[in-house]
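Read off the chains here:
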Amino acid sequence: MKPMQRRVLVVDDDGGALYQTYITSALTDAGYGSAVQATPVDAATLALYDAVVWLTGDDATTSLTAAEQTALAAYLEGGCGLILTGQNIASDISGGTFLDEYLHAALASNNSSDISLSGLDVMAGLSLILAGGTGANNQSSPDVITPLHGATPESLRAQDAENYYLCRANAL
């Protein structure tokens, strides 16, 4: 299946900022089509898409509500792909079951100095710069995660190839 044939939903949960424009631009540049929807988004809506990119913008303390985590858990149980982006999401939701059981990740560090990420495997060809350049420039302390439960750290990696920001538990 060619990337443009994939149905990707960009969930706009950035509190009124326009960060979704950076995501849709990166998806278009990589050959993916996308739709944008603001929160709230339920599990039935998520299920209409092959992949979801959920962005929380600058929110570092209430990034994903319990209802959002429940909807995303149901979506992931259907075998679909998810990318979460925002400030300190892993820090915010660590300690609950969603990060461990559904994202198959654990918080390794809540402050990395890496700002350039390269796509691997299913995300090959995608390059993201978290600060500076033409990006949103809002990532001041990216979380670093460790893969758990058979997840593989092959979706996005930092330039040093030791810090991972996405683990793949379900393929895009």
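Rules used in this analysis
- Numbering of residues begins from 1 in every chain and follows the order in which that chain's sequence is written.
- Note on the predicted model: pLDDT of at least 70 is required for a residue's local features to be given, and 80 or more for side-chain atom pairs to be given and counted; whole-chain, interface and lining totals, by contrast, use all residues.
- By convention in this description, side-chain values take in all heavy atoms of the structure and omit both hydrogens and water.
- Summary of the metric used: pLDDT quantifies the predictor's per-residue confidence within the range 0 to 100.
- By the criteria applied, helices consist of DSSP H or I runs no shorter than four residues and strands consist of E runs no shorter than two, each listed in order from the N terminus.
- Working rule for contacts: check all heavy atoms of both residues, and any pair within 4.5 Å makes them a contact.
- Joining through side-chain atoms within 4.5 Å is the link that ties buried Ala, Val, Leu, Ile, Met, Phe, Trp, Tyr and Cys residues into a set, and such a set is a nonpolar core.
- Under the scheme applied here, a residue whose accessible area is under 20% of the maximum for its type counts as buried, over 50% as exposed, and between as partly exposed, the area being computed with a 1.4 Å probe on protein chains only.
- Should DSSP find at least two bridges between two strands, the strands are regarded as paired.
- Comment: axis = line fitted to C-alpha atoms, over the contacting stretch for helices; angle = value between 0 and 180 degrees taken between N-to-C directions.
- Throughout, right-handed denotes a crossover for which the path from the first strand over the helix to the second runs clockwise when the strands point away from the viewer.

Caption draft 1: A look at the confidence of the model for the chain. For the chain, the mean per-residue pLDDT works out to 77, and 71% of the residues sit at or above 70. At the level of individual helices and strands, the chain shows its lowest average pLDDT in strand 10 (residues 164-168), which scores 46, and its highest in helix 2 (residues 43-46), which scores 95. Note on residues 155-172: pLDDT is under 50 here. Beyond four places in sequence and across chains, it has 72 contacts.

Caption draft 2: Fine view of the nonpolar core. Counting 24 residues, the largest nonpolar core has Leu-46, Trp-54, Leu-84 and Phe-98 as its most contacted members. At the level of secondary structure, the elements contributing two or more residues to this core comprise strand 1 (8-12), strand 3 (51-55), helix 3 (66-77), strand 4 (81-85), helix 4 (89-93) and helix 5 (97-102). Looking at this core element by element, the count peaks at five residues for helix 3. Look past the residues within four positions of Trp-54 in its chain and what remains in contact with it is Val-11, Asp-13, Thr-39, Leu-46, Leu-64, Glu-68, Leu-72, Leu-82, Ile-83, Leu-84 and Thr-85. By size, the runner-up hydrophobic cluster in this structure holds ten residues, among which are Leu-27, Tyr-32, Ala-51 and Val-53.

Caption draft 3: Representation of the sheet that holds strand 3 within the structure. The four strands lie next to each other as 2-1-3-4, forming an open sheet whose pairing is parallel. A single partner strand is all that each edge strand has here, and the edge strands are strand 2 (34-38) and strand 4. Averaged over all neighbouring strand pairs, the angle between strand axes comes to 20 degrees, with direction disregarded. Taken together, the five bridges between strand 1 and strand 2 define a ladder with parallel strand orientation.

Caption draft 4: How the structure looks around the environment of Ile-145. You can see Ile-145 is positioned in strand 8 (residues 144-147). Spatially, the C-alpha atoms of Ile-145 and His-104 are 9.6 Å apart, while their sequence positions differ by 41 residues.

Caption draft 5: Examining unusual backbone geometry more closely. Pro-40 follows Thr-39 through a cis peptide bond whose omega is 5 degrees. Positionally, Pro-40 belongs in the loop between strand 2 and helix 2. Its identity is not glycine, yet Asn-88 carries a phi of approximately 50 degrees, on the positive side. Structurally, the position occupied by Asn-88 is in the loop between strand 4 and helix 4. Accessibility expressed as a relative area gives 13% for Asn-88, which makes it buried. Residues other than glycine seldom take positive phi values, yet His-104 does so here, at roughly 55 degrees. Looking at where His-104 falls in the secondary structure, it is placed in the loop between helix 5 and strand 5 (105-109).

Caption draft 6: The arrangement of the pairing of strand 1 in detail. With five of five residues buried, strand 1 lies mostly within the body of the structure. Here strand 1 shows two buried faces, one formed by Val-8, Val-10 and Asp-12 and the other by Leu-9 and Val-11. Since strand 1 and strand 2 lie parallel, the crossover through helix 1 (residues 20-29) that links them has a hand, and here it is right-handed. Across five bridges, strand 1 lies against strand 3 in parallel orientation. Each residue of the ladder has a partner; that of Val-11, found in strand 3, is Trp-54.

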